[in-house]
Amino acid sequence: MRKKIVAGNWKMNLDYNEGLALFSEIINMFKDEATGQQHAVVCSPFIHLHSLVQLAKGYHNVGVGAQNAHQAEAGAYTGEISAKMVKSVGAGYVILGHSERRQYFGESNELLAKKTDTALAHDLTPIFCIGETLQEREANQHFDIIKSQLVDGIFHLDATQFGKLVIAYEPVWAIGTGVTASSDQAQEIHAFIRKEIAAKYNQQVADDTTILYGGSCNPKNAPELFAQPDIDGGLIGGASLKSRDFIDIVKVFN
Ligand code: PEP
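Each value, and the rule that gives it
Residues numbered from 1 in each chain as written. Predicted model: local features only at pLDDT ≥ 70, side-chain atom pairs only at ≥ 80, totals over all residues. Heavy atoms only, no water. Near = heavy atom within 4 Å. Polar contact = N/O pair within 3.5 Å; in protein donor to acceptor, adjacent residues only side chain to side chain. Areas by Shrake-Rupley, 256 points an atom, 1.4 Å probe, with all protein chains shown as cover. Nonpolar A, V, L, I, M, F, W, Y, C, P; charged D, E, K, R; others polar. Salt bridge = Lys/Arg side-chain N within 4 Å of Asp/Glu carboxyl O. Helix = DSSP H or I, 4+ residues; strand = E, 2+ residues; numbered from the N terminus. Buried < 20%, exposed > 50% of the residue type's maximum accessible area, 1.4 Å probe, protein only. Disulfide = S-S within 2.5 Å. Axes fitted to C-alpha atoms, helices over the stretch in contact; angles between N-to-C directions. Parallel < 35°, antiparallel > 145°, perpendicular 65-115°, else oblique. Left-handed = near helix turned anticlockwise from the far one by under 90°. Contact = heavy atoms within 4.5 Å. Pairing = 2+ DSSP bridges.

What follows covers the site of the ligand. As a structural note, the neighbourhood of the ligand is formed by 14 residues, with Lys-11, His-98, Glu-170, Gly-176 and Ser-216 the closest of them. Between the ligand and His-98, the relevant distance is 2.8 Å, taken from an oxygen atom to a side-chain nitrogen or oxygen of the residue. Take Glu-170: an N or O atom from its side chain is 2.7 Å from an oxygen atom of the ligand. Look at the ligand: alone it shows 290 Å² of surface, and the protein chains cover 95% of it. Of the residues in the shell around the ligand, the class split is four nonpolar, eight polar and two charged.

Overall, the coordinates contain 14 salt bridges when judged by the stated rule. Note that Lys-11 and Glu-100 form a salt bridge whose closest N and O atoms lie 2.8 Å from each other. Here Glu-100 lies in helix H4 (residues 99-104) and Lys-11 lies in the loop between strand S1 (5-9) and helix H1 (16-33), a separation of 89 residues in the sequence. Owing to a relative accessible area of 22%, Glu-100 belongs among the partly exposed residues under this scheme. We note a salt bridge from Glu-107 to Arg-101, for which the minimum N-O separation is 2.9 Å. This pair shows no difference in class: Glu-107 is buried, exactly as Arg-101 is. Taken together, the shared-partner salt bridges in this structure form one network comprising Arg-2, Lys-4, Arg-194, Asp-230 and Asp-232.

Okay, the state of the cysteines next. One pass over the structure, following the stated rule, counts zero disulfides. Here Cys-129 is not disulfide-linked; the sulfur of Cys-43 is the nearest cysteine sulfur, at 8.9 Å. Of all cysteine sulfurs in the structure, the one in Cys-129 sits closest to Cys-217, which takes part in no disulfide; the separation is 14 Å.

In a pair of packed helices, the angle between the axes and the distance between the axes together describe the arrangement. Across the interface, H1 lies against helix H2 (residues 46-55) with an axial gap of 10 Å and an inter-helix angle of 30 degrees. In terms of orientation, H1 lies roughly parallel with respect to H2. Between H1 and H2 lies a crossing of right-handed hand. Along the contact surface, H1 presents Tyr-16, Gly-19, Leu-20, Phe-23, Ser-24 and Ile-27, while H2 presents Ile-47, His-48, Ser-51, Leu-52 and Leu-55. Its residues placed into classes, the contact of H1 with H2 shows seven nonpolar, four polar and no charged.

What the eight strands build is a closed barrel, ordered S1-S2-S3-S4-S5-S6-S7-S8; its pairing is parallel. Neighbouring strand axes in the sheet, compared pairwise and without regard to direction, differ in orientation by 25 degrees on average. H2 rests against strand S2 (39-43) and strand S3 (62-66) of the sheet, and its axis sits at about 160 degrees to S3. Each of strand S5 (125-130) and strand S6 (166-169) is contacted by helix H7 (residues 142-153), which is oriented at about 145 degrees to S5, the strand it contacts most.

Shown next as structure tokens:
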């Protein structure tokens, strides 16, 4: 059975104290309200990671992750952070290939393939993001774009390595816009991703891969999205900055 996960992406929000306060609220609500089946992950700015890991101690179903890590082991890359550093504070996850990184920082599939290798080498679980822009969807290129992001970004992995990934389908036109993909649109792409994984590896690997949906997900639309057979949870931006909303999304799985 593949894992169902709700992961928050705080992006570049919350100073140190604000982040700790929000995470404490999340942990308290999780403790009081979650069942043993629910998995929550919070991907924070780097400055929070160590403290969040400490606060999450003892909560096996709460993970902490970074939002990026460099492809190199170490070196003269001023301002960057390595996968080893992220791992060293006890974080378990790292978002790779978020569309904001692809768009604003020029991250290509080829670069992301290297980042994925390095993250896996340090035993981090990449949450690997893929998704088409509005222009690409309108030009009916969305399946081709998704396929090339898979092939060039992560299909070089062997089946064992691939089994350690989480994939997030995030249509760029739905991120931070308040426009959500319909559950049919999202399910169509999730099923396509799973079919491509089965063709590349095998049906078992495809069935075991957690595929999250991201893009203006909130407590209202999450139940219908997460009820789709190939949607295994969400990557949540805006709504993850409100403890009540985030926990209500986590609780969609019961
Ligand atoms: C995201 O950035 O990963 C995201 C899904 O953002 P939002 O939920 O705000 O659309």
